[in-house]
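# An overview of the molecular structure
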Amino acid sequence: MELYPKLIMDALATVRYPGTGKNVVEMNMVEDDLRISGMHVAFSLIFDKPTDPFIKSMVKACEAAIHAYVSKDVTVEIKTKSLQTPRPDLPDLLPGVKNIIAVSSGKGGVGKSTVAANLAVALARLGHRVALLDCDIFGPSVPKMFQIEDARPYSENIDGRDLIIPIEQYGVKILSIGFFVSPEQATLWRGGMACNALKQLIGDASWGDIDYFILDTPPGTSDIHFTLVQTLPITGAVIVSTPQQVALADARKGINMYQNEKVNVPILGLVENMSWFTPAQHPDERYYLFGREGVKQLAEEMDVPLLGQIPLVQDICEQGDQGTPVALDPGTPQGQAFLQLAARVVTQTDRRNQELAPTQIVGTK
């Protein structure tokens, strides 16, 4: 049997790309490098992105079509190419980022996202270049806290890659899965899908030069946390907790996760949120609703710094809901508390970088 190009192309014309209804020939996915040698056929398939989820299935479908419509005796060699430059690996994944700070909590409801948002704003007000990544794929809250729920990031082709351009607000570059899903719809994703989405937000965005890349992580420990430590060399972690004992027990678990010998991310310090309640009418009064200085005691016990104590003030909740973080107003006690927190995070990060080697991502140790 003699093989010729039209015979092969006619067979490939029966293979349709999922979702478009068009075949690979009319989509110009078959590169002009078809080579025939006896009963051996070689060519390349072109995809838009190196992460196309149908690459393997399309290769198998093309092989099957040639065997079905030409001959089972044909040996098929298919290479794949991408129009887009592939995502770089470390250390080139985020070349302009100096420090990556994970803000974490052992449990939900302790105000971790509020602390992460205000820390990012406070760092920007101190003159640093700051980015904030909302890593909570299932319950993103950062868009609301920055009054950018209607924002829709666009992409630009930069050096052969289509990169997402983060939204800028209050001097902070921000990305969240909340920009890409309806706020009224629950995000029903399996763990693998959520982790892949997070990797795209990290590696397929144009972050530029950043001094502090803040990660607002989900509460507890999950697949998302393992994806982060397997993807990024996290400079250090900031653990947020309230003073009550149930929260402190979970905070210990969060600390232990980062201090695990396989993870080995330094703890920059603890933040005690909702330390006391101060009524607006009586600014000098303090009511310790959740216990007194529990996080301070935990910091001493775990031999890590106490970075700050944030009071429970109505303005913090209200301004967070309105999308104007209290750190924007340094004239208030709560705004001042977050500026002091940011300054201490800078100090501890500098000390960590002087005394310890760079963090290695999990899997390379």
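Refer to the structure presented above.
We now turn to the structure provided with this report.

### Overview of the packing of aromatic side chains
All told, the structure shown has 3 aromatic pairs when counted by the stated rule. With 5.6 Å between their ring centres and 85° between their planes, Tyr17 and Phe54 make a pair best called edge-to-face. Here Tyr17 is found in the loop between α1 (5-12) and β1 (35-37), whereas its partner Phe54 is found in the loop between β2 (40-47) and α2 (55-69), with 37 residues between them in sequence. A residue is classified by how much of its surface remains accessible, and Tyr17, at 14% relative accessible area, is buried. With a centroid separation of 5.9 Å and an interplanar angle of 35°, the aromatic rings of Phe146 and Tyr170 are classed as tilted. Of this pair, Phe146 sits in the loop between α4 (142-145) and β6 (155-158) while Tyr170 sits in the loop between β8 (167-169) and β9 (172-176), and the two are 24 residues apart along the sequence.

### Details of the pattern of salt bridges
Enumeration according to the criterion identifies 9 salt bridges in this entry. In this structure, the salt-bridge partner of Lys253 is Asp250, at a minimum N-O distance of 3.6 Å. Of this pair, Lys253 and Asp250 both sit in helix α7 (residues 245-259), separated by 3 residues, roughly a single helical turn. The exposed category is assigned to Lys253, whose relative accessible area is 55%. The class of Asp250 is buried, set by a relative accessible area of 16%. Between Arg252 and Glu301 there is a salt bridge; the shortest N-O distance is 2.9 Å.

Cut-offs used in this document
Residues numbered from 1 in each chain as written. Predicted model: local features only at pLDDT ≥ 70, side-chain atom pairs only at ≥ 80, totals over all residues. Heavy atoms only, no water. Phe/Tyr/Trp six-rings, centres within 6.5 Å; stacked < 30°, edge-to-face > 60°. Helix = DSSP H or I, 4+ residues; strand = E, 2+ residues; numbered from the N terminus. Buried < 20%, exposed > 50% of the residue type's maximum accessible area, 1.4 Å probe, protein only. Salt bridge = Lys/Arg side-chain N within 4 Å of Asp/Glu carboxyl O.

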